[in-house]
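Residue-level structural notes
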Amino acid sequence: MNSKLKDDVTDKLFEAILTLRTVEECYAFFEDLCTVHELKSLAQRLEVAKMLEGKRTYTEIQQLTGASTATISRVNRSLSYGSDGYKIILERIEQP
């Protein structure tokens, strides 16, 4: 965990997110919290992570998602050297 990121306000944000119960509630909260561009960028990064884990090439990922090579590289770096947040989520969404 990044100690520069952790503080009481951020804890409260994450606790608030954990109270959301449905996809519709997530849409309502995140539409209020984020711009459309920010939300689309977050969704794109998760899709890039999924494709990287699926061993897709940068070129394939760029063509399929429209993500820049910088974004793909950033996500790849997080998968390799990050806090395993992507891996946790990807494992959970792949479960039946």
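What this report covers is the structure whose coordinates are included nearby.

Structural notes on the pattern of salt bridges
Using the criterion set out here, one finds one salt bridge in the structure. Across the pair Asp11 and Lys6 runs a salt bridge, and its minimum N-O distance is 2.9 Å. By relative accessible area, Asp11 is classed as partly exposed at 23%.

Focus on the side chain of Thr71
The topology assignment puts Thr71 in helix α5 (residues 69-81). Setting aside anything within four residues of it in sequence, one finds Thr71 in contact with Gln44 and Arg45.

A short note on the environment of Thr59
Residue placement: Thr59 occurs in helix α4 (residues 58-65). Given a relative accessible area of 48%, Thr59 falls into the partly exposed group. Along the primary structure Thr59 and Ile72 are separated by 13 residues, whereas in three dimensions their C-alpha atoms are 9.8 Å apart.

What about the packing of α4 against α5?
As a packed pair, α4 and α5 sit with axes 10 Å apart at the nearest point and diverge in direction by 120 degrees. In terms of orientation, α4 lies oblique with respect to α5. Crossing geometry of α4 relative to α5 is assigned as right-handed. Seen from α4, the contacting residues are Tyr58, Ile61 and Gln62; seen from α5, they are Thr69, Ile72, Ser73 and Asn76. In the contact of α4 with α5, the residues fall into three nonpolar, four polar and no charged.

Rules used throughout
- Numbering of residues starts from 1 in every chain and runs along the sequence as written.
- Per-residue local features are limited, in this predicted model, to residues with pLDDT of at least 70; the limit for side-chain atom pairs, both in listing and counting, is 80 or more; totals at the level of whole chains, interfaces and linings are taken over all residues.
- Side-chain numbers here rest on the full set of heavy atoms in the structure, without hydrogens or water.
- By definition, a salt bridge exists where a carboxyl oxygen of Asp or Glu is found within 4 Å of a side-chain nitrogen of Lys or Arg.
- Each residue's exposure class comes from its accessible area (1.4 Å probe, protein chains only) as a fraction of the maximum for that residue type: buried when under 20%, exposed when over 50%, partly exposed otherwise.
- Under the DSSP-based scheme used, a helix requires at least four consecutive residues in state H or I and a strand at least two consecutive residues in state E, with every element numbered from the N terminus.
- Any two residues having at least one pair of non-hydrogen atoms within 4.5 Å are treated as being in contact.
- Each axis is a line fitted through C-alpha atoms, and for a helix only the stretch in contact is used; angles between axes span 0 to 180 degrees, taken between their N-to-C directions.
- Working rule for angles: under 35 degrees goes down as roughly parallel, over 145 as roughly antiparallel, 65 to 115 as roughly perpendicular, anything else as oblique.
- It is the rotation of the near helix from the far one that decides the hand of a crossing: anticlockwise by less than a right angle makes it left-handed, clockwise makes it right-handed.
- Polar here means any residue other than Ala, Val, Leu, Ile, Met, Phe, Trp, Tyr, Cys and Pro, which are nonpolar, and Asp, Glu, Lys and Arg, which are charged; Gly is therefore polar.

Note that all results are geometric; they support no functional claim without further evidence.
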